[in-house]
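Observations on chain architecture
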Amino acid sequence: MSSMKSEEMAKSTQLIDNEVFRAYATYTTIVLLKMMLMSLVTAYFRITRKAFVNPEDVASFGKGETAKKYLRTDPDVERVRRGHLNDLENIVPFVGIGLLYALSGPELSTALLHFRIFTGARILHTFAYLIPLPQPGRGLSWAVAYTVTISMAYKVLKTALYL
Amino acid sequence: MSSMKSEEMAKSTQLIDNEVFRAYATYTTIVLLKMMLMSLVTAYFRITRKAFVNPEDVASFGKGETAKKYLRTDPDVERVRRGHLNDLENIVPFVGIGLLYALSGPELSTALLHFRIFTGARILHTFAYLIPLPQPGRGLSWAVAYTVTISMAYKVLKTALYL
Amino acid sequence: MSSMKSEEMAKSTQLIDNEVFRAYATYTTIVLLKMMLMSLVTAYFRITRKAFVNPEDVASFGKGETAKKYLRTDPDVERVRRGHLNDLENIVPFVGIGLLYALSGPELSTALLHFRIFTGARILHTFAYLIPLPQPGRGLSWAVAYTVTISMAYKVLKTALYL
């Protein structure tokens, strides 16, 4: 039992020793942490702009009308929330397709190129959204990350297609 | 080092050689690409309906009031966005639970049945949402995909339960 | 061919035999099922509060103005939807980073601690959002789950970093 367990442990750590998989793990973690950061940015803007959505969140500001005026939308808060949703829409496919791509046996250099461009483009996208930069800054950074994901999906389907 | 690396590479490609895993990779990629397509449909409707949300997106239409009138919501755009969010809510559980299901050693034919029905139902759901089809078209396609995911979750918990 | 296939099957089930991976599979499935439950809660409130968003969803209530009055937002429906979106924003990073964490060879007891606290905190978060509990109930449960994910991300980057 004990020896079987340690054997299994060894098996499971082998995947993380593979260089392509380690690169996938690194960039996926970075890009998911970046997405999580949007929650903190939202909270920051909600607090500094005093713009909340739940009555229980403004209860400490006083009772009745005093607190109610903070239940409002704010352009900066809404902007961060749109950036956060755009992250979900684009980072979820990267995480899912990227995992399959990493397991489809790509060249390390090709894989790194995909992961690095995607991660760089999504970080740029966030800056372009939050500053905001004039278009087509945000549009281009979105399109680059989108194209990288399509390229990985093509490799997965070419390698693994089983309908 | 070099031999260890190639051994690891071999290990990591074995997963993608497994037929159930290849089927999972195929249908997950298809369904994530379908979800990504919603971004393009949203962009198409935003441009044809001239309905944008960010001031920087309408800057090229002119200055001041001329451009401002395009900062508006449009029923078609909002409909696509609801379809996109519904995809996120349902495809994320499929990708996560489906991976664990594929690793839980199901029969190939049973796994294919799950993946195919889910994928078909979600494609139907998108058409039902965008055309739109009268209810219960959208509701039923949603329920079928939901039930498939529950069935996979049951198999995962039956096989792997470790609390 | 047949022997190769069964060998592959054996390989793919080995991962699910690993105790850390089984724990990951269990808690990921639980937390994704909990997220899926939000769809049913939304449907329940839409039906009991008669608050819908798609014209085709109210067609059975009658024609014209009779049905149109049910195309409205309701505070309870919106509250569940915010809880659902918050689940997506936080459970997606857990599923992605948690998988890499489970493959990074953590101690079983440490891994169980992470998975259990995250799952407990997110279940608490849902109750805090839906009841609703006074703050900082919801805020604290959110922060605990967030911190657990950061801790797993740290372990992944420490083990696998490959830039």
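See the structure printed just above.
We now turn to the structure provided with this report. (Residues numbered from 1 in each chain as written. Chains lettered and ligands numbered in written order. Predicted model: local features only at pLDDT ≥ 70, side-chain atom pairs only at ≥ 80, totals over all residues. Heavy atoms only, no water.)

1. Description of the interface of chain B and chain C
A common way to report how large an interface is uses the accessible area buried once the components associate. Note the cut-off: When checking whether two residues touch, look at their non-hydrogen atoms; a contact exists if any pair is within 4.5 Å. Accessible area that two parts lose when put together, with a 1.4 Å probe and added across both, is what the buried area reports. Any Lys or Arg side-chain nitrogen located within 4 Å of an Asp or Glu carboxyl oxygen qualifies as a salt bridge. Definition of a polar contact: a pair of N or O atoms within 3.5 Å, with one able to donate and the other able to accept a hydrogen when the atoms are protein atoms, and with sequence-neighbouring residues admitted only if both atoms are side-chain atoms. Numbering of helices and strands runs from the N terminus; a helix is a DSSP stretch of H or I covering at least four residues, while a strand is a stretch of E covering at least two.
If you look at the interface, chain B gives 37 residues, while chain C gives 42 residues. Considering only the side of chain B, the residues that lose the most area to chain C are Leu100(B), Leu103(B) and Tyr162(B), jointly responsible for 20% of the buried surface there. There are three salt bridges connecting chain B and chain C. Measuring nitrogen to oxygen at the nearest pair gives 2.8 Å for the salt bridge that ties Glu56(C) to Arg79(B). Here chain B and chain C share twelve residue pairs in polar contact (both at pLDDT 80 or more) between them. Counting residues per element, the ones that place at least two in the side of chain B that touches chain C are helix H1 (2-17), helix H4 (75-102) and helix H6 (137-160) of chain B. Ranked by residues supplied to the side of chain B that touches chain C, first place goes to H4(B) with eleven residues.

2. A look at the relation of the copies chain B and chain C
Quick reminder of the rule: A least-squares superposition brings the copies together, and it is based on the C-alpha atoms of residues with pLDDT no lower than 70 in both.
Its rotation angle being 120°, the transformation that places chain B on chain C also includes 0.0 Å of axial translation and leaves an RMSD of 0.0 Å. Expressed as a symmetry operation, the mapping of one chain copy onto the other fits a three-fold axis. Interface overlap between copies is the fraction of interface residues in one copy that are interface residues in the other; for chain B against chain C it is only 16%, indicating separate surfaces.

3. Looking at the side chain of Glu56(C)
Let me state the cut-off plainly: In this scheme, a residue with accessible area under 20% of its type's maximum is buried, one over 50% is exposed, and one in between is partly exposed, where area comes from a 1.4 Å probe on protein chains only.
The residue Glu56(C) is located in the loop between helix H2 (19-48) and helix H3 (65-68) in this model. When its relative accessible area of 12% is taken as the criterion, Glu56(C) is described as buried. A polar atom in the side chain of Glu56(C) sits 3.4 Å from the side chain of Arg138(B). Residues in contact with Glu56(C), not counting those within four places in the same chain, are Arg79(B), Pro132(B), Leu133(B), Gln135(B) and Arg138(B).

4. Concerning the packing of aromatic side chains
Quick note on the threshold: Working definition: a ring pair exists when centres of Phe, Tyr or Trp rings (six-membered ring for Trp) sit within 6.5 Å. Plane angles under 30 degrees give stacked, over 60 give edge-to-face, the rest tilted. A ring has a charge above it when a Lys NZ or an Arg CZ is no more than 6 Å from the ring centre and no more than 35 degrees off the ring normal.
In total, this model carries 30 aromatic pairs over all chains according to the counting rule given. The lysine or arginine in question, Arg138(A), covers the ring of Tyr129(A), its NZ or CZ lying 4.4 Å from the ring centre.

5. Considerations on the pattern of salt bridges
One pass over the full model with this rule turns up 21 salt bridges over all chains. Of the charged contacts, one joins Glu56(C) and Arg138(B) as a salt bridge, the two residues approaching to 3.4 Å between their closest N and O atoms. Highlighted residues: Glu56(C) in the loop between H2 and H3 and Arg138(B) in helix H6, drawn from two different chains. Accessibility classification places Glu56(C) together with Arg138(B) in one group, the buried group. Here Arg122(C) and Asp87(C) are joined by a salt bridge, their closest N and O atoms 2.8 Å apart. Of this pair, Arg122(C) sits in helix H5 (residues 108-130) while Asp87(C) sits in helix H4 (residues 75-103), and the two are 35 residues apart along the sequence. Residues Arg122(C) and Asp87(C) agree in their burial class; the two are buried.

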